[in-house]
Amino acid sequence: MDPRTPAPPASSPSRAYLDHASTAPLRPEAIAALRDLLDLAGQLGDPGRLHVEGRTARDLLEQARSQVAAWLGVGSRQVVFTSSATEAIHSAVHGAITRAPGRPILLAPVEHSAVQRASARAAPTVALPVDRRGRVAPEAVAEALERAGADGEQPAAALVHCQLVNHEIGTLQPVAEVAQVCRRAGVLLHVDAAAAAGHLPVAFEELGADLLSVSGHKLGGPPGIGCLVLRRGLRLPPLLLGGDQERARRAGLENLLGAVGLGAAVAALGDRRAQQDEATRQRTLVATLQAAALAVPGVQVLGEPDPDQRAPHLLCLGLEGVEAEPVLLALDQAGVACHSGSSCASEALAPSPVLAAIGVDADRSLRLSVGWSTTQDEVAAFTRAFGPALARLRALRAALADPDGPGPGR
Ligand SMILES: Cc1ncc(COP(=O)(O)O)c(C=O)c1O
């Protein structure tokens, strides 16, 4: 096979990969771009040098930056490559708090742990309330900013965070409205778009944000790359100091492989129309998953029940009478990969703070997420496996609880 031929979809035909929200399979276009780049490896140098090898690498890096910029509708200079969304978030927090030392950071408890922990380390934080769907109200942001500014210091806060899409329940946040509130208060707004990118068009200018973070591996690019997007003209003190890479905004030799892979992945998303079509396709797949899941007794949607108010690719389910871990293992055995907000189901020590914030039991939750590679066959595999797996586990539980049944030791 010609190594430049895009590879077939990454998921194995016997597996259903319904965990795109954790990480997406590498897109064939990204694989092809990475292969092409590896072929050139001996001819590439430091993009900051004037020799041919350096200039060749620089051209490829800037082409990748233009692809990312075109996708987000910004100028290339607004894009700073980072190692991940986590690093982009830390950079945003560091930059904001260095500009306004001692001022608080406002964020909701449904933000990703990278946002929570980067903020808590840097500044006093103020928790923005969310409703049972995990949504922040712009009025609540305005009130919190007013309270934060009551000491007369300016700005009222160093930063407000508002994610575009929640990574566990898919709730869409009213980012554009929150941006208006922040602009009126003269406070920077950072938008974590890691869970949205690749599933919904992300138009930076329309959101009205000052800062936006993206993760490469969530949308079919390689891991180890992300970016921070800055409002035109906004300059923040860099998190990583050293060389003058990324216009002195992020020190360290650029990750050319990562950038080129990310550029190819976002170029493959196509124009806004194509992205909307893909969102519709993902929404349809999730509607089938939802119908199949709700046909099983004791299963409900957690978070935002209205699919139109949710990201197209995500569905979080509450499962009565069974814990997440055995369900995940049973589904995995049946060839279906998915995730749960339960701490047993992940590396986390505590169950999902997102689910705790909306008052639901993370230990009985299941998250399904689709993406660019998901097929109807994969959805059908879930549909076949889910009901019987749940029924088996519930029967087992009932038998173990029944003193006359075949309990342990019998
Ligand atoms: C909403 C959100 N923000 C940030 C991150 C961190 O992304 P990365 O793995 O690129 O650091 C994730 C990944 O789980 C996420 O879902």
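All chains use their own residue numbering, which begins from 1 and follows the written sequence. The model is predicted, so local features are restricted to residues of pLDDT at least 70 and side-chain atom pairs to those at 80 or more, both for listing and for counting; the totals for chains, interfaces and linings are taken over all residues. Note: side-chain values were computed over all heavy atoms of the structure, leaving out hydrogens and water.

- Taking an unreviewed UniProt entry as the reference, the protein is identified by name as Cysteine desulfurase family protein belonging to Aciditerrimonas ferrireducens.
- One UniProt comment on the protein, placed under Catalytic activity (unreviewed entry), says "(sulfur carrier)-H + L-cysteine = (sulfur carrier)-SH + L-alanine". UniProt positions are given in the numbering used here, feature names are shortened, and annotations may be inferred rather than shown by experiment.

## Topic: unusual backbone geometry
Working step 1: The omega torsion of the bond from Gln154 to Pro155 falls at -10°, within 30 degrees of zero and hence cis.
Working step 2: Put simply, DSSP H or I for four residues or longer makes a helix, DSSP E for two residues or longer makes a strand, and each gets a number counted from the N terminus. Inspection of the secondary structure puts Pro155 in the loop between helix 5 (138–148) and strand 5 (159–161).
Working step 3: Although it is not a glycine, Arg247 adopts a positive phi angle of roughly 55°.
Working step 4: Position of Arg247 relative to the elements: it lies in helix 8 (residues 245–248).
Working step 5: Non-glycine residue Ala248 carries a positive phi angle of around 60°.
Working step 6: Checked against the element boundaries, Ala248 lands in helix 8.

## Thoughts on the site of the ligand
Working step 1: Throughout, near means a residue has at least one heavy atom within 4 Å of the molecule or strand. Every residue lining the ligand is accounted for by Ser84, Ala85, Thr86, Ile89, His112, His167, Asp192, Ala194, Ser215, His217 and Lys218.
Working step 2: Here Asp192 contributes a side-chain N or O atom positioned 2.6 Å from a nitrogen atom of the ligand.
Working step 3: Here a polar contact means two N or O atoms within 3.5 Å. Within protein one must be a hydrogen donor candidate and the other an acceptor candidate, and residues neighboring in sequence count only if both atoms are side-chain atoms. Interatomic distance of 2.8 Å between a side-chain N/O atom of His217 and an oxygen atom of the ligand.
Working step 4: We get accessible surface area from the Shrake-Rupley algorithm with a probe of 1.4 Å; when it comes to residues, only the shown protein chains can shield them. Protein chains bury 87% of the 400 Å² of accessible surface belonging to the ligand in isolation.

## Points about the nonpolar core
Working step 1: If you look at the biggest cluster of nonpolar residues, it comprises 68 residues, and the most contacted ones within it are Val68, Trp71, Phe81, Leu145, Val160, Leu189 and Leu212.
Working step 2: Bear in mind that the domain bounds are from an automatic or database domain assignment. The residue makeup of this core includes at least three contributed by each of domain 1 (16–23 + 271–399) and domain 2 (28–268).
Working step 3: Sequence-distant contacts of Leu212, defined by excluding residues within four places in its chain, comprise Leu72, His190, Val191, Ala193, Val202, Phe204, Leu207, Cys227, Leu228 and Val229.
Working step 4: Core analysis: the next-biggest nonpolar cluster, separate from the first, contains 30 residues, Val299, Ala330, Phe382 and Leu390 among them. Side-chain atoms within 4.5 Å link the members of a nonpolar core, which is a set of buried Ala, Val, Leu, Ile, Met, Phe, Trp, Tyr and Cys residues. Burial here depends on accessible area, computed with a 1.4 Å probe over protein chains only, as a share of the maximum for the residue type. Under 20% is buried, over 50% is exposed, and the range in between is partly exposed. Working rule for contacts: check all heavy atoms of both residues, and any pair within 4.5 Å makes them a contact.

## Side note on the state of the cysteines
Working step 1: Note on disulfides: each one is a pair of cysteine sulfur atoms within 2.5 Å. Taken as a whole and judged by the stated rule, the model has 0 disulfides.
Working step 2: Just so you know, Cys162 is unpaired, no disulfide at all, and the nearest cysteine sulfur is the one on Cys182, 8.1 Å from it.
Working step 3: Cys162 provides the cysteine sulfur closest to Cys227, a residue in no disulfide bond, and the two sulfurs are 18 Å apart.

## Points about the sheet that holds strand 10 (residues 314–319)
Each strand in a sheet pairs with another by means of backbone hydrogen bonds, the pair being arranged parallel or else antiparallel.
Working step 1: Taken in spatial order, the 3 strands of this open sheet run 9-10-12, and their pairing is antiparallel. The outermost strands of the open sheet, each flanked by one partner alone, are strand 9 (299–301) and strand 12 (365–369). Between one strand axis and the next, the sheet turns through 30° on average, direction left out of account.
Working step 2: The criterion for strand pairing is that DSSP finds at least two bridges linking the strands in question. As paired elements, strand 10 and strand 12 share 5 bridges and run antiparallel to each other. By the bridge assignment, Cys316 is partnered in strand 12 with Arg367. For helices, the fitted axis covers only the stretch in contact; all axes are lines through C-alpha atoms, and the angles between them, taken along N-to-C directions, range from 0 to 180 degrees.

## Examining the pattern of salt bridges
Working step 1: The term salt bridge refers to a pairing of a side-chain nitrogen on Lys or Arg with a carboxyl oxygen on Asp or Glu at a separation within 4 Å. Tallied over the entire structure, the rule returns 18 salt bridges.
Working step 2: Residues Asp277 and Arg273 are paired through a salt bridge, measuring 3.9 Å at the closest nitrogen-oxygen approach. In this pair, Asp277 and Arg273 are both assigned in helix 10 (residues 272–294), 4 residues apart and thus about one turn of the helix distant.
Working step 3: Close ionic contact of Arg397 with Glu323 constitutes a salt bridge, the shortest N to O distance being 3.8 Å. Here Glu323 lies in the loop between strand 10 and helix 11 (324–333) and Arg397 lies in helix 13 (residues 376–401), a separation of 74 residues in the sequence.

## What about the domain arrangement of the protein?
It is common to give the size of an interface as the accessible area that goes away when the parts come together.
Working step 1: Looking at the assigned domains, one finds that the protein contains domain 1 (16–23 + 271–399) and domain 2 (28–268).
Working step 2: Just the C-alpha atoms count here: the centres of domain 1 and domain 2 sit 27 Å apart.
Working step 3: Each partner contributes to the interface: domain 1 provides 33 residues, whereas domain 2 provides 30 residues.
Working step 4: Carbon and sulfur atoms supply 54% of the area buried between domain 1 and domain 2, which totals about 2,400 Å² over both sides.
Working step 5: A simple way to read buried area is as the amount of 1.4 Å-probe accessible surface that goes missing from two parts once joined, with both sides added. It is Gln275, Val354 and Ile358 in domain 1 that bury the most area against domain 2; as a group they hold 23% of the surface buried on that side.
Working step 6: Counting every contact that joins domain 1 to domain 2 gives 3 salt bridges.

## Overview of the sheet that holds strand 4 (residues 125–127)
Working step 1: The strand order across the open sheet built from 7 strands is 2-8-7-6-5-3-4, with neighbouring strands paired in mixed fashion. The open sheet has two edge strands with one neighbour each: strand 2 (79–82) and strand 4. With direction set aside, neighbouring strand axes in the sheet form an average angle of 20°.
Working step 2: Sheet topology places strand 7 (residues 211–215) next to strand 8 (residues 226–230); 5 bridges connect them, and they run antiparallel. Within strand 8, the position partnered with Val214 by the bridge is Cys227.
Working step 3: Those strands touched by helix 2 (residues 52–72) are strand 2, strand 7 and strand 8, and its axis lies near 115° from that of strand 2.

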